[in-house]
Amino acid sequence: MKARILLSTALAVIGFGVMAQLKIGYTNVEYVLSLLPEAKQIESELSQYDKQLSAQLEAKYADYQAKVADYQQNAANYTDVVRADKENEIVNLQTSIQEFEQNAQNSMLNKRNQLLQPAFEKIGTAIEQVSKENGYTHVFNMTANGQSILLYAREEDNVTNLVLKKLGVDPPAGGN
């Protein structure tokens, strides 16, 4: 019985010692990103890229609409061979538009990732430095894909302003 009590006490002391060594912080990476000077440039480049893709899609769609209108207006005058060719051309345009839409979405995502990667690496380095300087053993992101994942945390464990300062950005009044 004494051995069990001693073992339980020893495990509790060891567990408490391990817990005492943990220091957990949190930040909001998306918020930090939004305050970086390069965030506006990234958004501008993404907006321009999106406009280019949208213009190309609109041109394809206008071509499709023109061919459909021409077909509807002149179908009665077409020979069977010409009608079949026109129908095939319209179906191919539909397929081309669908493929372009999907490729444009993928391209936009790739462009976004390409532009954001250096900023996220910069933020990651700052988080690592802040963690080491302030003795944090773990730092979590408050959100993931716009969803809150941190259900409770003490405000004093929020390292966002420290990360912003490490990045050379003055945190706005009122915080994050």
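Rules used throughout
Residues numbered from 1 in each chain as written. Predicted model: local features only at pLDDT ≥ 70, side-chain atom pairs only at ≥ 80, totals over all residues. Heavy atoms only, no water. Helix = DSSP H or I, 4+ residues; strand = E, 2+ residues; numbered from the N terminus. Expected span 1.5 Å × (residues − 1). Buried < 20%, exposed > 50% of the residue type's maximum accessible area, 1.4 Å probe, protein only. Contact = heavy atoms within 4.5 Å. Salt bridge = Lys/Arg side-chain N within 4 Å of Asp/Glu carboxyl O. Patch = residues over 30% accessible without salt bridge, like charges linked within 9 Å, V, L, I, M, F, W, Y side chains within 5 Å. Areas by Shrake-Rupley, 256 points an atom, 1.4 Å probe, with all protein chains shown as cover. Core = buried A, V, L, I, M, F, W, Y, C linked by side-chain atoms within 4.5 Å.

Peer 1: Could you give me a rundown of helix α4 (residues 80-134), with the residues and numbers involved?
Peer 2: Look at α4: 79 Å from first C-alpha to last across 55 residues, which is about the 81 Å you get at 1.5 Å a residue. Following α4 by one or two positions, G135 has its phi on the positive side, about 75 degrees.

Peer 1: Tell me what's going on with helix α3 (residues 38-74), and back it up with residues and numbers.
Peer 2: The terminal C-alpha atoms of α3, which comprises 37 residues, lie 54 Å apart, in line with the 54 Å expected from a rise of 1.5 Å per residue. Listing the buried residues of α3 in full gives A39, I42, L46, Y49, L53, Y64, V68 and Y71. Those residues of α3 that are buried are in contact with α2 (29-35) and α4.

Peer 1: Break down the pattern of salt bridges for me, citing the residues and quoting the values.
Peer 2: All told, the structure shown has six salt bridges when counted by the stated rule. Taking the shortest distance from any N to any O, the salt bridge between K132 and E128 comes out at 3.0 Å. One end of the pair, K132, and the other, E128, are both in helix α4, four residues apart, so they sit about a helical turn from each other. With its nearest N and O atoms 2.6 Å apart, the salt bridge here joins K166 to E133. Of the two residues, K166 is situated in helix α5 (residues 160-166) and E133 in helix α4; the sequence distance between them amounts to 33 residues. With relative accessibility at 54%, the residue E133 sits in the exposed group.

Peer 1: So, a nonpolar patch on the surface: which residues are in play, and what are the values?
Peer 2: A contiguous nonpolar patch, built from L22, I24 and F140 and spanning about 250 Å² of accessible area, is present on the exposed surface. Here F140 shows up in strand β2 (residues 138-141). A residue is classified by how much of its surface remains accessible, and F140, at 42% relative accessible area, is partly exposed.

Peer 1: So what's going on with the nonpolar core? Residues and values would help.
Peer 2: Judged by nonpolar contacts, the single largest core of 20 residues is most densely connected at V32, L33, L36, I42, I123, V163 and L167. For this core, the secondary-structure elements that each account for two or more residues are α2, α3, α4 and α5. For this core, the leading source of residues is α4, giving seven residues.

Peer 1: Give me the lowdown on the environment of M142, citing residues and values where you can.
Peer 2: Mapped onto the secondary structure, M142 falls in the loop between β2 and β3 (143-144). A relative accessible area of 22% places M142 in the partly exposed class. When the C-alpha atoms of M142 and N158 are compared, they prove to be 9.4 Å apart, with 16 residues separating the residues in sequence.

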